[in-house]
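# Topology and contacts: notes
What follows is the residue order along each chain.
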Amino acid sequence: MNDYYPRNLNGISDRPSRFLWPDGSQLLINLVLNYEEGSERNILDGDPASENYLSGFTALPSLTGERHYSSESLFNYGSRSGCWRLLRIFQTFNVPITVFACGQALERNPAFAKALGESPHEVAGHGYRWIDYRAFRTEDEAVDMSRCLQSIETLTGKKASGWYTGRKSINTRRLVIEAGLLYDSDDYSGDYPWWLSVKENKHLVIPYTLINNDCLYGTSPGWSSPVHFLDHLKATFDSLYHEESGLSRIMSVGLHSRISGHPGRSEAIRLFIEYALAHSKARFITREELALQWLRQCPVNLQRAETAG
């Protein structure tokens, strides 16, 4: 049993007794850009095989022991074109987002890191590299986490307050807490943030989503066109916006530069932002803003902290 990843959340409501955004917004939307390009598996970085996971092309095989030039090109699209197209869309609408950034990816695109530093966007940690950390030794994962956080601060001038690995290890959340980060999002278990209590630590978990996520372009069934993704986002928005709960609701959306950064797919993001902004009680926020507001309104003494049972 691992106290940092409790199993006893079944049947426990995640609805707080109170939570209302200061301006009365009914729906809070957090767009997340996973910036990973340049940190994926590649034999030039000492990996045994090339990356084919979430490349944006579902039929891409993984090659072992040799470079996969097509794989590299698919990821390069995200850092050369996709990230900039999406950034322009966010700037056009003055929408703040959260960037889950890999340290090595930022190091290999300092111009984009500089643009993030000059923007209103939050930059959270996403691993030094975009790889599977499940088999990492604790000390090696801690080193990579530290390198990621340092790269973010050095290259963007911003200090990360949040973390999301995705392919995490049994030690990831403990290392996040030890690093002094405000929250992590390695969780998909609910609609609202929740407190984790382990020993003397009270840690905030802000659930992420693999449902409102462009990663489903690479699954079957999934998004076969931008229209399908847009329709799903609008349906999710409508459901939450009109839900009678007396609380502000929260909607996360997951994006990737190499996937939603393409012209047709990026149009779905532009149209969704336009749709959301047409509703007076919808607001785009960062996860850091959400975490700070949660600390004010739902401190751990007002919301039960969950422990492993």
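Residues numbered from 1 in each chain as written. Predicted model: local features only at pLDDT ≥ 70, side-chain atom pairs only at ≥ 80, totals over all residues. Heavy atoms only, no water.

## Considerations on the pairing of strand β1 (residues 27-35)
To keep things clear, this is the line we draw: The rule is simple: take the accessible area with a 1.4 Å probe, protein chains only, and divide by the maximum for that residue type; under 20% is buried, over 50% is exposed, in between is partly exposed. For the purposes of this entry, the term helix denotes a DSSP run of H or I that reaches at least four residues, the term strand denotes a run of E that reaches at least two, and both are numbered from the N terminus. If DSSP finds at least two bridges between two strands, the strands pair. Orient the strands so they point away from the viewer; a crossover is then right-handed if the path from the first strand over the helix to the second runs clockwise.
The buried count for β1 comes to nine of nine residues, which makes it a mostly enclosed element. Residues of β1 alternate between two faces, with L27, I29, L31, L33 and Y35 on one and L28, N30, V32 and N34 on the opposite face, all of them buried. Bridging between β1 and strand β8 (residues 249-256) involves eight bridges; their strand directions are parallel. Within β8, the position partnered with N34 by the bridge is H256. Across three bridges, β1 lies against strand β9 (residues 282-284) in parallel orientation. Looking at β9, one finds that L28 is bridged to R283. Looking at chain direction, β1 and strand β2 (residues 98-101) are connected through four bridges and run parallel. Within β2, the position partnered with L33 by the bridge is V99. Handedness of the β-α-β unit built from β1, helix α1 (residues 69-92) and β2 comes out right-handed.

## As for the packing of α1 against helix α3 (residues 110-117)
Quick note on the threshold: For helices, the fitted axis covers only the stretch in contact; all axes are lines through C-alpha atoms, and the angles between them, taken along N-to-C directions, range from 0 to 180 degrees. Note on terminology: angles under 35 degrees are roughly parallel, angles over 145 are roughly antiparallel, angles of 65 to 115 are roughly perpendicular, and the others are oblique. By convention the crossing between two helices is left-handed if the near helix lies anticlockwise of the far one by an angle smaller than a right angle, and right-handed if it lies clockwise. Working rule for contacts: check all heavy atoms of both residues, and any pair within 4.5 Å makes them a contact.
Two elements in contact, α1 and α3, have axes separated by 11 Å at closest approach and are oriented at 15°. Overall, the two elements α1 and α3 adopt an arrangement that is roughly parallel. Read as a crossing pair, α1 and α3 show a hand that is left-handed. Contact residues: α1 offers C83, W84 and L87, while α3 offers A111, F112, A115 and L116.

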